[in-house]
Amino acid sequence: MHIPDGFLDAKTAVAGGVIAATGLGVALAGVRRTVPPRHIPLIGLAAAFVFAAQMLNFPVAGGTSGHLIGAVLAAILLGPSAAVLVMSAVLILQCLMFADGGVTALGANVFDMALVAPLVGWLTYEMLRRATGDGSRGRLFATAFAAWCSTVAAAISCAGQLALSGTVDWRVALPAMAGVHMLIGLGEALITTLVVATVVRSRPELLLAHREPGLRPQGGTLLVHGLLVALGLAVFVAPFACGWPDGLEKVAVTLGFEQRAAASPVLGAPLPDYAIPGLGSGPASTAIAGAAGTLVAFVVAWVLAILLAPRPGAGGRAVKGGDASASRAS
Amino acid sequence: MHRALLEPYQHRSSPVHQLPAALKCAGALAFVFSVVLLPRASWPAYAAGGAALLAVAALSRVPARRLGARLLLVEPFALGVALLSLLQPDGARVFAATLTKSTLCLFAMVLLAATTRFSDILRVLWSARVPALLVTTLALMHRYLFVLVDEMARMQRARRGRTFTRGRVSLWHSSATVIAHLFVRSSERAERIYSAMCARGWRT
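The shown structure was predicted, so the numbers you read here are calculated from the model rather than taken from an experiment. (Residues numbered from 1 in each chain as written. Chains lettered and ligands numbered in written order. Predicted model: local features only at pLDDT ≥ 70, side-chain atom pairs only at ≥ 80, totals over all residues.)

1. So, the overall build of chain A
Secondary structure summary: chain A contains 14 helices and 2 strands in total. The burial tally for chain A puts 55% of its 330 residues in the buried class. Restricting the contact set of chain A to residue pairs at least 6 apart, pairs at least 24 apart contribute 76%. (Helix = DSSP H or I, 4+ residues; strand = E, 2+ residues; numbered from the N terminus. Buried ≥ 20, exposed ≤ 12 C-beta atoms within 10 Å, placed from the backbone. Contact = placed C-beta atoms within 7 Å.)

Below, the structure written as structure tokens:
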């Protein structure tokens, strides 16, 4: 999802940069105010941890592999402000040291993956956790669904930026990005939930966001962040949310591009072209396809939570796991 | 693959390596911004920029093979996004222009990373008044990135040495466990690092 240089025009790059810089500044102020000094090294190490975890590949069907993005994982483990800082640091290092993601697109990339992804994920997680109570099954369900939502939200924002720049048409960008990332989001949900379940089972005290009162998000910081995300999405995505241009449709049909459009995603989407075949391709069927995808993710998250929640009789394993990890650390 | 990815800096004693880091950063930034802001069809300017980059690359005496390998590592991402731009009216021209632009910018950033230590770039950020907390986070991240990647590789090797089945389900489960324990070890390491920092007189 890293946008390279040359894909965004000046207005999109500047808008992304301004919103990202403001969001990062708010997060820095929030961390400086609330995080005690002894956790400052942890934020740096968490950034290195997210980077290292992104390098671990998971096999997906057909020889392809995916990896963790880690925004929701960071938000759940460290709290939202620290997660914004951690994900921004990861993106800045990837951009400066590894040329992964463009310099001029850094603002847009930070907005997608360091503001939208952790904050949408955190808000979903908190709302679901309040709704389902404080049990471990509810927490795992909230984790899984939040990871899926954050991945898809970041992808839609990225599609909006590409479309606003005139690089990729919205009618191609949205199905390609959202469709593929609805699948990637399932993988992200699975990994994030497995990791959170393991951490909770072996070292529950490490979930900083739930332990340190200072690390709980402060209303003001969260409010400004929420406003920034809403503003950014309004700038990047809202222009396309209604009024579908159908000039391209005609060109695509006459030039025979339609097959290529459907074949372009690396993974075949379950609802090809983000539209249900019988209904034709219009806003209504796009909405239905999106709703169906969301429903599937919801059910998957619920099943995952039931499978991974600790049984009442499994208490001994937690103690053993904790001892083993403590003695191995040197 | 990890070695090529994690070692961008190529040690040489060339004139390019000895330039001040601030100058190189400013030059790379100016180059990237001007390439991005050029109109789509300015092919002579692209050719001139490419020639300038090749001249700098030759001056820096960085092995062409390493530069090429790093470019090839990051190019697929650009190519993937660029392919989407084919699917619109006049797509081929947009495709060629964006791909050329992004390749030039990638080349400039790969050259910058190959001739400048990251600690020098951090010093430039510091003197450019980037917030101290962000620079500290970046410095800690860069310092411990290699430690954590090695630690993860060790855990994976240990896991491979102990599991005989290679089912996809068990692979996902054990890889997620590796990530979880990497986090546990990182937070324990962070506590030791904080004590060490305090012992050496660190103040916030």
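From this point, the discussion proceeds with the structure in view.
2. Thoughts on the domain arrangement of chain B
All names here are of chain B. Taken domain by domain, chain B consists of domain 1 (2-124) and domain 2 (131-199). Of note, the centres of domain 1 and domain 2, computed from C-alpha atoms alone, are 31 Å apart. Each partner contributes residues to the interface: domain 1 has 4 residues there, and domain 2 has 6 residues. For the side of domain 1 that touches domain 2, the secondary structure elements donating two or more residues are α1 (2-6) and α7 (118-127). Residue classes in the side of domain 1 that touches domain 2 are distributed as 3 nonpolar, 1 polar and no charged. (Domains from an automatic or database assignment. Nonpolar A, V, L, I, M, F, W, Y, C, P; charged D, E, K, R; others polar.)

3. Comments concerning the interface of chain A and chain B
Contact with chain A, which involves 66 residues of that partner, is made by 68 residues of chain B. Sorting the residues of the side of chain A that touches chain B by element identifies α1 (10-34), α2 (40-54), β1 (57-59), α4 (80-98), α7 (170-202), α11 (247-255) and α12 (258-263) of chain A as the ones contributing at least two each. Element by element, the count of residues in the side of chain A that touches chain B is highest for α2(A), at 13 residues. Considering only residue class, the side of chain A that touches chain B consists of 49 nonpolar, 10 polar and 7 charged.

4. Describing the nonpolar core
Counting 167 residues, the largest nonpolar core has A:Ala74, A:Val86, A:Met87, A:Ala173 and B:Ala108 as the members making the most contacts within it. Among the elements that take part in this core, α7(A) stands out by supplying 20 residues, more than any other. Residue assignment places this core across two domains, with domain 1 (2-124) and domain 2 (131-199) of chain B each supplying three or more. For A:Ala74, the contacting residues outside a window of four places in its chain are A:Ala46, A:Val50, A:Ala83, A:Val86, A:Met87 and A:Pro118. (Core = buried A, V, L, I, M, F, W, Y, C linked by C-beta atoms within 7 Å.)

5. Considerations on unusual backbone geometry
Even without being glycine, A:Ala99 reaches a positive phi, approximately 55°. Note on placement: A:Ala99 falls in the loop between α4 and α5 (106-132). Its identity is not glycine, yet B:Arg61 carries a phi of approximately 55°, on the positive side. As for its position among the elements, B:Arg61 is in the loop between α4 (43-60) and α5 (64-84). Using a count of 15 C-beta atoms within 10 Å as the deciding quantity, one classes B:Arg61 as partly exposed.

6. Things to note about the packing of α4(A) against helix α8 (residues 132-162) of chain B
One can describe the packing of α4(A) onto α8(B) by two numbers: an axis separation of 10 Å at closest approach and a directional angle of 65°. α4(A) and α8(B) meet at a crossing whose hand is right-handed. Residues A:Leu85, A:Ala89, A:Ile92 and A:Leu93 of α4(A) form the contact with α8(B), whose participating residues are B:Leu134, B:Thr137, B:Leu138, B:Met141 and B:His142. (Axes fitted to C-alpha atoms, helices over the stretch in contact; angles between N-to-C directions. Left-handed = near helix turned anticlockwise from the far one by under 90°.)

7. So, the environment of A:Ala309
Residue and element names in this part refer to chain A. By the secondary structure assignment, Ala-309 is in the loop between α13 (283-308) and α14 (315-328). A sequence separation of 20 residues divides Ala-309 from Ala-289, and the C-alpha atoms of the two residues are 30 Å apart. Every residue in contact with Ala-309, bar those within four places of it in the chain, is listed here: Ser-136, Arg-137 and Leu-140.

8. Section: the packing of α5(A) against helix α6 (residues 136-164) of chain A
Residue and element names in this part refer to chain A. It is at 7 Å that the axes of α5 and α6 come closest, and there the two elements cross at 150°. When the axis of α5 is compared with that of α6, the two are roughly antiparallel. Considering how the two elements wind past one another, α5 and α6 form a crossing that is right-handed. (Parallel < 35°, antiparallel > 145°, perpendicular 65-115°, else oblique.)

9. Some thoughts on the environment of A:Gly160
All names here are of chain A. Structurally, the position occupied by Gly-160 is in helix α6. Placed 79 residues apart in sequence, Gly-160 and Pro-239 show a C-alpha to C-alpha distance of 8.6 Å. The residues contacting Gly-160, other than those within four sequence positions of it, are Phe-236, Val-237 and Phe-240.

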